[in-house]
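# Report on the structure
The lines below spell out each chain.
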Amino acid sequence: MRTLWLNAFAVTAVVIAVTLVVVKNIQGDTSNELLNVSYDPTRELFQDLNRQFVAQYAKQTGKKLKIQQSHGGSSRQAQAVIDGMPADVVTLALRSDVEALHKRGLIADGWTQRLPDNSEPYTSTIVFVVRKGNPRNIKDWPDLVRPGVSVITPNPKTSGNGKLSVLAAWGSVIYRGGTETQALQYLKELYEHVPVLDTGARDATNTFTQEKLGDVHLTWENEALLEVEEYRGDLEVVYPPMSIRAEPSVAWVDANVARRKTEAYAKAYLEFLYTDQAQEAIAQHGYRPIKPEVLKKHANRFPQIDLFPVTILAKDWDDAQQKFFAEAGIFDAIHPVQAKLGQAKQ
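Calculation notes
Numbers given for residues are sequential positions, taken from 1 along each chain in its written order. In keeping with the model being predicted, local features are shown solely for residues with a pLDDT of at least 70 and side-chain atom pairs are shown and tallied solely at 80 or more, while totals for entire chains, interfaces and linings include all residues. The side-chain figures draw on all heavy atoms in the structure; neither hydrogens nor water molecules are used. Under this scheme, a helix contributes an axis fitted over its contacting stretch, all axes are lines through C-alpha atoms, and angles between N-to-C directions fall in the 0 to 180 degree range. Only DSSP runs of H or I with at least four residues qualify as helices, and only runs of E with at least two residues qualify as strands; both kinds are numbered from the N terminus onward. For classification, angles of less than 35 degrees are called roughly parallel, those exceeding 145 degrees roughly antiparallel, those between 65 and 115 degrees roughly perpendicular, and all remaining angles oblique. Residue contacts are defined here by distance: any two heavy atoms, one from each residue, within 4.5 Å place the two residues in contact. For this scheme, ten residues count as nonpolar: Ala, Val, Leu, Ile, Met, Phe, Trp, Tyr, Cys and Pro. Four count as charged, namely Asp, Glu, Lys and Arg, and the remainder, Gly too, count as polar. As used in this structure description, the phrase polar contact means that two N or O atoms lie within 3.5 Å; if the pair is within protein, one of them must be able to donate a hydrogen and the other to accept it, and residues adjacent in sequence are counted only when both atoms belong to side chains. Under the scheme applied here, a residue whose accessible area is under 20% of the maximum for its type counts as buried, over 50% as exposed, and between as partly exposed, the area being computed with a 1.4 Å probe on protein chains only. As used here, the arc is the angular range of directions from the helix axis to the C-beta atoms.

What follows covers the packing of helix H4 (residues 95–103) against helix H14 (residues 317–325). Following both chains from N to C, one finds H4 and H14 inclined at 95°, their axes separated by 8 Å at the closest point. As the angle between them shows, H4 and H14 are arranged roughly perpendicular. Listed contacts from H14 to Arg95, Ser96, Glu99 and Lys103 of H4 are Trp317, Asp318 and Gln321. Looking at the contact of H4 with H14, its residues break down into one nonpolar, two polar and four charged.

See the structure below:
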């Protein structure tokens, strides 16, 4: 049985792997290697997809590729690429994280239109994980701010999961006809129930499952399904009546693939994500495949809930980033002390 806490050691492995990539770039040709810089809970997904893609590509072309993985909080990963991590592709939690690379000139204009479905090969959402028997009777967003309820979710300054938790909570008020003033008050109350802000989704999972801190974990749907699978009988998934439609985005990093001469491989790798084979694997790992026919096939795994778009909160994902998570944005306003503490826990 896999154990989630072991993935904490992946941080060290990532540092070693990325260091090796950089050294090899200096010492010799690495044009048959790709580095996929991804967000925190996608380790298992891309281990599977990488294996399948490498085998298929070798069969079709006779060329054997090597794919390195790097995982962490989505916003931290985007910043790492900006700071020089030699990503060939990025597969990040939010479009705004990929857009940050575009704004720095690392990804070309029009990147969302280079792949199908706005470069979103799957979707997801934020759900609740509770203890066995749901002792706090948590079923909906207002239940999270009842007296005595402790909520675990990561830091929105560093984590895609963290950002989506904020947006889902705010949106749950707006979607029901509430005002932004009411949403602001609810968000402030919610984060008074959050005792710690981990830097990434998997760190928050370990806090909830291993340290047994908190009554409810706000997390990605795929991470929730994995938690329940790993801790059979100890945890349960609760689907609130509504949550946000999360739209993880992918792109090849033009500046890096041009230098490393890996554009053809990077493009083929990301195009593979849209094949029936990859979409099936995506569903099996708890992500909602973008192909309707594959999603329908797995309907029993993905309950229907109201998934509202980011546009009920902001103009688009980039506007949401600025409105909620920029310096002096909404999150800093409602919980400035926790925001600083969370950023310091790195």
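There is more to say, and it comes next.
Let's shift gears to the environment of Asp88. Inspection of the secondary structure assignment puts Asp88 in the loop between helix H3 (74–82) and strand E3 (89–92). Taking the C-alpha atoms as reference, Asp88 lies 7.2 Å from Thr262; in sequence the two are 174 residues apart. Setting aside residues up to four positions removed in sequence, Asp88 forms contacts with Glu33, Leu34, Leu35, Ala251, Trp252, Val253, Val257, Arg260, Thr262 and Ala266. Only 2.7 Å separates the side chain of Asp88 from the side chain of Thr262, close enough to count as a polar contact.

Three or more residues of H14 are buried, namely Trp317, Ala320, Gln321, Phe324 and Phe325. Buried residues in H14, looked at end-on, bunch into an arc of 105°, giving them a common side. Lining the buried residues of H14 we find H4, helix H6 (160–175), strand E9 (242–244) and helix H15 (330–334).

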